[in-house]
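Fold and contact review
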Amino acid sequence: MKVRMLFAFLMLWAVNIASQEFSIDVTPKKVKVLPGAPVSLSVTLTNDSHKDLWICGKELKNGIRSGGAILIDVAGQELSCTQSGESASSTGAFPNAPIKDKVLFGAGETFKMSSGIYAEKACPLSRDLTGKWTARVAVKIMVVEGPLVKDIRYAQAVGEIEVEFQKPEGEDLAYINAVTDWLNKADPKTLKGYTAQAKSLTWGELLSSFRIPVPQMLLKNYPTSTYAGYELAKCAKENLHDYVNMSHEDIDEVLGVRGLIPEKQDAYRKERKKHFQDKLNLLQAFIAVHPDFVKADMIRSGISFYLLILGRQNEAMEEIKILSKMEGRWAEGARKALSMTCHEDEKVKTKTGEKSK
Amino acid sequence: MLFEEGTAPVVIPAGRTFLRILKGPGGAQIENLNEGDKIAIFDASRPYESQHDEAYIGTIDRSTYTDYTVVTLKQSDLSTDYTTKYSYTTSPMDAATHYPDFSQGSSAGVGVVYSTTAIEGKTVTDTSSNQINGEGSAFYEADMRDIEKTYNDAYVEFYGLRSGMNAVPYIDPQMPFYTVNETPGDDETNRLNFHQIWWKNNSYNWNYFHLVGCRGDDFVWTGSTTGITDPSNNDSYIYRWTVEGLGENQSYTPEQVNLATQALTNHELAHQFWLNRCSNLTCGSDTNLGKHDDRPWWNFNTTGCPNDNPCLMDWKGGNLIDEFNRFCKEDLFLGDPNCGSTIKPDSAIRTISDPIP
């Protein structure tokens, strides 16, 4: 009897150890967002097994896979709006084939990857998603435990965060109504894709759709809606330092004028500058209304870039200074641009002797 | 993919003596370009099959710019400048990911049509129509040559419309495009948007499907996706390079690689009919991503997993090289027995009995 109890205890202990093999940390822990808007998640996987593990593949990313997060409501039900799902054909693993590549995932080591929330995007607009959800990210790990393919063990680690979908109001609601109306009235003969009757408009289509001219509708009529912010955030520029103190030739390169036959250059330069000025106006109008927008750093990065291209260096540097005080990769770009400008200033001062002591 | 600054599609005017080509993640999108290559320049509005520019690459500047590479265009003597005659419309680059945004624009790009530098082990010398992955082929192609025999069993006929055929730009596997995720993600979105740009029947007609032959991921011994279908949106992709990798792994002859491509083409197109829509019979495989069959083809009543006489809708496509590309009875006309009575009739190729109204 004692032996049996001990065995049961050992089994429980083993299960406990197995469940501790990997842990994942998903950030941010809480997200408040409009349905259909992009959510980027950072996922960190840790090898908690206290031993080095071999992972299948040439690099860790080959054997550690994470899909998008699933959404679970307060009743524990998974949100599933995909009617069909795709079907794929695959070659199977060949169980007795030798494992060609494996990479070590050391005890206590971490591996970072990106994930996102896509689950609500296939849901029709008629489905009210307002409220709190749990976003669950599962990471699958291919652990190699022998020389053959059949020796691969599929381990899994799961992490969760809280997501709150906000109810669209004001300009956002007006945009949704406009898109719905546009699709309902679209001519089926010229519409790219299904009519609204054949396939309901989904939350995801508010920001990316081949059947709706999303950027045009958003930026023309609802440029300060929250949804527009996500479209405008695409104007961000990571390597801002490349665009500081540009010559006219450099600006022509960015505008795409260089390499064009001379007789076309003036008209094209004018056209491209107008495009950049229009975008700048939109970005500045948006940030004035939404200074705390979740992607404000990307918006400010875009403003800085467009000001630089339009030759408004001083205004651009003011914007870059604001951005440099923020956090994340876009602010890092601004700090790099700023430091480069400081070096440029120093060079000038040295040349004129002002810095000599 | 051609690159221009900005978040909206840009019309690159005629009169260019060089092109800017999107680097993509890690510069992967430009790895296959070499000085001296002859390239075709085209987009969805001015496809390869219509009048377009073809020029030789003079020089390639891969390092000066972060987002793109500059390629000078030359005539066949490789010294005289080539000036483009036509305009092309880009799909803009997403600033955050550096991927092209296929929900906008016309996916302007280039393709190598002649190269003496081996690309993935092959030189490019042949762009003639209907050569179907022949020696020196510039294309990765799906293969419908066996389709008649297979679909005759269902009294269904496919026509590959010449007017609908065109080349599409190369997509490198470093882009999120070919992978099949258990939950939707960037790959699925990119495939869908790319299909929409290039499909001639994108204002939906119910009896058209879009078959795309493309590269796919590198084959891996743990199992690879060889094709994918989204019946909700009428697109099927065949991953020819992956099939070639399978062939190398399994010591297929070139003819057997073609037979496998044909079987997979028939298989993927069959997914368009929503076969096995209520089942996922993959013999417990980890590849649990599609609606497949473990039943025998129609001449047999064998059972077992995997079936000794697998039908075409087996999750691996059955035996890919035995030339028996036959459906099981449920796929042909009975429908999926796991579906309820209202859906079941819509889960077979043949859904209406004679006489067809």
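Residues numbered from 1 in each chain as written. Chains lettered and ligands numbered in written order. Predicted model: local features only at pLDDT ≥ 70, side-chain atom pairs only at ≥ 80, totals over all residues. Heavy atoms only, no water.

1. A look at the overall build of chain B
Each helix and strand in chain B was counted, giving 5 helices and 11 strands. Taking 21 Å as the expected radius of gyration for a compact globule of 357 residues, we find that chain B reaches 22 Å, a close match to that expectation. Overall, chain B is about 70 × 40 × 35 Å in size when its C-alpha atoms are taken along their principal axes. Residue burial in chain B is summarised as follows: out of 357 residues, 57% are buried. For chain B, restricting intrachain contacts to residue pairs at least 6 apart in sequence, the fraction spanning at least 24 positions comes to 60%. Within chain B, one finds 24 positive and 49 negative side-chain charges whose respective centroids are separated by 3 Å. (Helix = DSSP H or I, 4+ residues; strand = E, 2+ residues; numbered from the N terminus. Rg over C-alpha atoms; globule rule 2.2 N^0.38 Å. Buried < 20%, exposed > 50% of the residue type's maximum accessible area, 1.4 Å probe, protein only. Contact = heavy atoms within 4.5 Å. Lys, Arg positive; Asp, Glu negative; His and termini not counted. Charge placed at Lys NZ, Arg CZ, Asp CG, Glu CD.)

2. Quick look at the interface of chain B and chain A
At the junction of the two partners, chain B supplies 76 residues and chain A supplies 68 residues. Approximately 5600 Å² of surface area, both sides summed, lies buried where chain B meets chain A, with 50% of it carried by carbon and sulfur atoms. Counting the surface chain B buries against chain A, the share from its top three residues, Glu5, Thr7 and Trp221 of chain B, is 15%. On inspection of chain B and its partner chain A, the count reaches 4 salt bridges. Between Glu5 of chain B and Lys237 of chain A there is a salt bridge whose closest N-O contact spans 2.8 Å. At the level of secondary structure, the elements contributing two or more residues to the side of chain B that touches chain A comprise strand E1 (11–12), strand E2 (18–22), strand E5 (68–74), helix H2 (186–198), strand E10 (225–230), helix H3 (240–249) and helix H4 (254–271) of chain B. Partitioned by chemical class, the residues of the side of chain B that touches chain A number 26 nonpolar, 34 polar and 16 charged. (Buried area = accessible area lost by both parts, 1.4 Å probe. Salt bridge = Lys/Arg side-chain N within 4 Å of Asp/Glu carboxyl O. Nonpolar A, V, L, I, M, F, W, Y, C, P; charged D, E, K, R; others polar.)

3. A look at helix H7 (residues 262–289) of chain A
For H7 of chain A, built from 28 residues, the straight-helix expectation of 40 Å at 1.5 Å per residue is met to within 8% by its first-to-last C-alpha distance of 42 Å. Those residues of H7 of chain A that sit buried are Tyr268, Arg272, His275, Phe276, Lys279, Leu280, Leu283, Phe286 and Ile287 of chain A. Residues of H7 of chain A that are buried make contact with helix H4 (214–221), helix H5 (226–232), helix H6 (248–255) and helix H8 (296–309) of chain A together with E1 of chain B. (Expected span 1.5 Å × (residues − 1).)

4. Quick notes on the state of the cysteines
Under the defined criterion, the tally for this structure stands at 2 disulfides over all chains. Residue pairing for Cys81 of chain A: its cysteine sulfur links by disulfide to Cys123 of chain A, the two sulfurs lying 1.9 Å apart. Residues Cys81 of chain A and Cys123 of chain A share a disulfide whose torsion about the S-S bond is about 85°; that sign makes it right-handed. Residue Cys81 of chain A is found in the loop between strand E6 (70–72) and strand E7 (87–90), and its partner Cys123 of chain A is found in the loop between strand E9 (110–116) and strand E10 (131–144); the two are separated by 42 residues along the sequence. Judged by its relative accessible area of 0%, Cys123 of chain A falls in the buried class. Covalently, Cys278 of chain B is tied to Cys339 of chain B through a disulfide, its sulfur atoms 1.9 Å apart. (Disulfide = S-S within 2.5 Å.)

5. Describing unusual backbone geometry
That bond from Thr27 of chain A to Pro28 of chain A is cis: its omega, -5°, falls within 30 degrees of zero. When you line up the elements, Pro28 of chain A lands in the loop between strand E1 (22–27) and strand E2 (30–33). In this structure, Pro306 of chain B follows Cys305 of chain B across a cis peptide bond, with omega equal to 0°. Looking at where Pro306 of chain B falls in the secondary structure, it is placed in the loop between H4 and helix H5 (329–334). You will see that Leu78 of chain B, though not glycine, has its phi angle at about 65°, which is positive. As for its position among the elements, Leu78 of chain B is in the loop between E5 and strand E6 (88–89).

6. A look at the confidence of the model for chain B
On average, residues of chain B carry a pLDDT of 88, and 95% of them reach 70 or more. Across the assembled chains, the prediction reports ipTM 0.85 with pTM 0.87. (pLDDT = per-residue confidence, 0-100.)

7. A short note on the environment of His195 of chain B
Residues and elements named next belong to chain B. Examined against the element boundaries, His195 turns out to sit in helix H2. When the C-alpha positions of His195 and Asn32 are compared, they lie 23 Å apart, and in sequence the two are 163 residues distant. Of note is the side chain of His195, whose polar atom sits 2.8 Å from the backbone oxygen of Asn233. (Polar contact = N/O pair within 3.5 Å; in protein donor to acceptor, adjacent residues only side chain to side chain.)

8. Digging into the nonpolar core
Counting residues in each nonpolar core, the largest one holds 100 residues, and the members touching the most others are Leu45, Ile64 and Ile141 of chain A. Sorting elements by how many residues they give to this core places H8 of chain A first, with 9 residues. (Core = buried A, V, L, I, M, F, W, Y, C linked by side-chain atoms within 4.5 Å.)

9. Remarks on the side chain of Ser103 of chain B
Tracing the sequence through the fold places Ser103 of chain B in the loop between E6 and strand E7 (109–119). At 2.7 Å, the side chain of Ser103 of chain B forms a polar contact with the side chain of Asp101 of chain B.

10. A look at the packing of H8 of chain A against helix H9 (residues 313–324) of chain A
Residue and element names in this part refer to chain A. The contact between H8 and H9 brings their axes to 8 Å, and the two run at 160°. By the criterion of interaxial angle, the relationship of H8 to H9 is roughly antiparallel. Taken as a pair, H8 and H9 cross one another with a handedness that is left-handed. Where H8 approaches H9, its residues Asp297, Arg300, Ser301, Ile303, Ser304, Leu307 and Leu308 are matched on the opposing element by Gln313, Glu315, Ala316, Glu319, Ile320, Ile322 and Leu323. Counted by class, the contact of H8 with H9 contains 7 nonpolar, 3 polar and 4 charged residues. (Axes fitted to C-alpha atoms, helices over the stretch in contact; angles between N-to-C directions. Parallel < 35°, antiparallel > 145°, perpendicular 65-115°, else oblique. Left-handed = near helix turned anticlockwise from the far one by under 90°.)

11. Observations regarding the sheet that holds E7 of chain A
Strands pair in a sheet through their backbones, by hydrogen bonds, and they do so in one of two ways: parallel or antiparallel. With respect to topology, 4 strands assemble into an open sheet ordered E7(A)-E10(B)-E11(B)-E9(B), the strand pairing being mixed. Each edge of the open sheet is held by one strand with a lone partner, namely E7 of chain A together with strand E9 (210–214) of chain B. Put simply, the sheet's adjacent strands are angled 15° from each other on average, direction ignored. Direction of pairing for E7 of chain A relative to E10 of chain B: antiparallel, over a ladder of 4 bridges. Counted as the bridge partner of Ser87 of chain A is Thr229 of chain B from E10 of chain B. Docked against the sheet, H2 of chain B engages E9, E10 and strand E11 (235–239) of chain B, running at close to 105° with respect to E11 of chain B. In the packing of H4 of chain B onto the sheet, contacts are made with E7 of chain A together with E9, E10 and E11 of chain B, and the angle to E11 of chain B comes to roughly 160°. (Pairing = 2+ DSSP bridges.)

12. Details of H4 of chain A
Those residues of H4 of chain A that sit buried are Val214, Pro215, Met217, Leu218 and Leu219 of chain A. Buried positions along H4 of chain A lie against helix H3 (170–185), H5 and H7 of chain A.

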